[in-house]
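Per-entry structural report
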Amino acid sequence: MEDEEPANEELMLLTVGERLQEARKAKQLSLEDISSSTRISSRHLQSLEENRFSDMPGRTYTIGFARAYAKVVGLPESEWLDPLREELDADQNKRQAFALPDSNIEESGKVPSAKTAWIIAAVGIFAVVLGYAAWRGTSGFTDLPELASAEDTAGDAGLLDGSDQEGGDDSTAGDEGSIGDDPANIGPDAPVIFTATEDRIWVKFYDANGDQLMQKEMKLGETYTVPADAEGPQLATARPDALSITVGGRVIEPLGTAERVIRDVPVDPLALLNRADSTEQ
């Protein structure tokens, strides 16, 4: 047992990306080999190895990519899943601290005046009203959703099939519709599945004739499968950044990276796959 302690201590000093990289090199595999097996772009795999989480499409995808990578190189979840979550939390806290630095108001003695506070409040209210008016002017829908917060509350819940929530069985997440399924199975009839990575995400799915397929506020982890027989299915939402997508098990990057209104976006298998291929090139 004493001989194993130095190895365990050395393992603890490595980041998850470094552990994946060492496991890959031990199997004499290149990043291109991993990319070919998982259908994940090499640039995302390299970002994962180098812990550049800001270059990844989001927390949910980061964990999904790591799971696919680890399966190829034979790295058990006990050596990367919990450490990766901790690294993601630390990275998010670091970026939030950098974006909102301590103003040291008490130390500097510079307290905003009441007039300044009222001006800031008025500007904030005006921005909300203006944003709501812009939404009404561009959406064209009578059922206007209440926009969810932009704060990343998704964590790693709802990963692909919504099964990787806190307290759940991590070993089963991603088995159905997981990354790295046989690409030969991905075709024009492949299932298209949307998963809400945040709570209360308003969506509207409709076909090429404008007939509604589904409209609601999706809950965190809730999934929706686009009907295979829908003619020219399309999507409208104000939170494209909070919807993960899989086509025949292949993860597709979100249709947006921020809160913004999108309409008439084709969501049939071929349109999403063509978009993913053009994005990765």
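Preceding block: the structure.
The text that follows walks through the structure, step by step, so that each part is easy to find. (Residues numbered from 1 in each chain as written. Predicted model: local features only at pLDDT ≥ 70, side-chain atom pairs only at ≥ 80, totals over all residues. Heavy atoms only, no water.)

On to the pattern of salt bridges. Applying the stated criterion across every chain yields a total of twelve salt bridges. Residues Glu-77 and Arg-67 are paired through a salt bridge, measuring 3.2 Å at the closest nitrogen-oxygen approach. One end of the pair, Glu-77, is in the loop between helix H5 (59-73) and helix H6 (81-99); the other, Arg-67, is in helix H5, and ten residues separate them in sequence. By relative accessible area, Arg-67 is classed as buried at 5%. A salt bridge links Glu-222 to Lys-216, with the nearest nitrogen and oxygen atoms 2.6 Å apart. Look at Glu-222 and you get partly exposed, because its relative accessible area is 22%. (Salt bridge = Lys/Arg side-chain N within 4 Å of Asp/Glu carboxyl O. Helix = DSSP H or I, 4+ residues; strand = E, 2+ residues; numbered from the N terminus. Buried < 20%, exposed > 50% of the residue type's maximum accessible area, 1.4 Å probe, protein only.)

We now examine the pairing of strand S5 (residues 234-237). Judged by which residues are buried, S5 turns out to be covered on both faces: Gln-234 and Ala-236 on one side and Leu-235 and Thr-237 on the other are all buried. With four bridges connecting them, strand S2 (residues 201-206) and S5 associate as antiparallel partners. When the bridges of S5 are listed, Val-203 appears paired with Thr-237. (Pairing = 2+ DSSP bridges.)

Take the nonpolar core next. Counting residues in hydrophobic clusters, the biggest one holds 25 residues, and the most contacted among them are Phe-194, Val-203, Phe-205, Leu-235, Val-247, Leu-255 and Val-267. Of all elements in the fold, only strand S1 (192-196), S2, strand S3 (212-218), strand S6 (243-247), strand S8 (262-266) and helix H9 (269-280) reach the threshold of two or more residues within this core. Setting aside residues up to four positions removed in sequence, Val-267 forms contacts with Val-192, Phe-194, Phe-205, Val-226, Pro-233, Gln-234, Leu-235, Leu-255 and Leu-272. Val-16, Phe-53, Tyr-61 and Tyr-69 belong to the second-largest nonpolar core, a separate cluster that totals 24 residues. (Core = buried A, V, L, I, M, F, W, Y, C linked by side-chain atoms within 4.5 Å. Contact = heavy atoms within 4.5 Å.)

Honestly, it's all geometry; don't read function into it.
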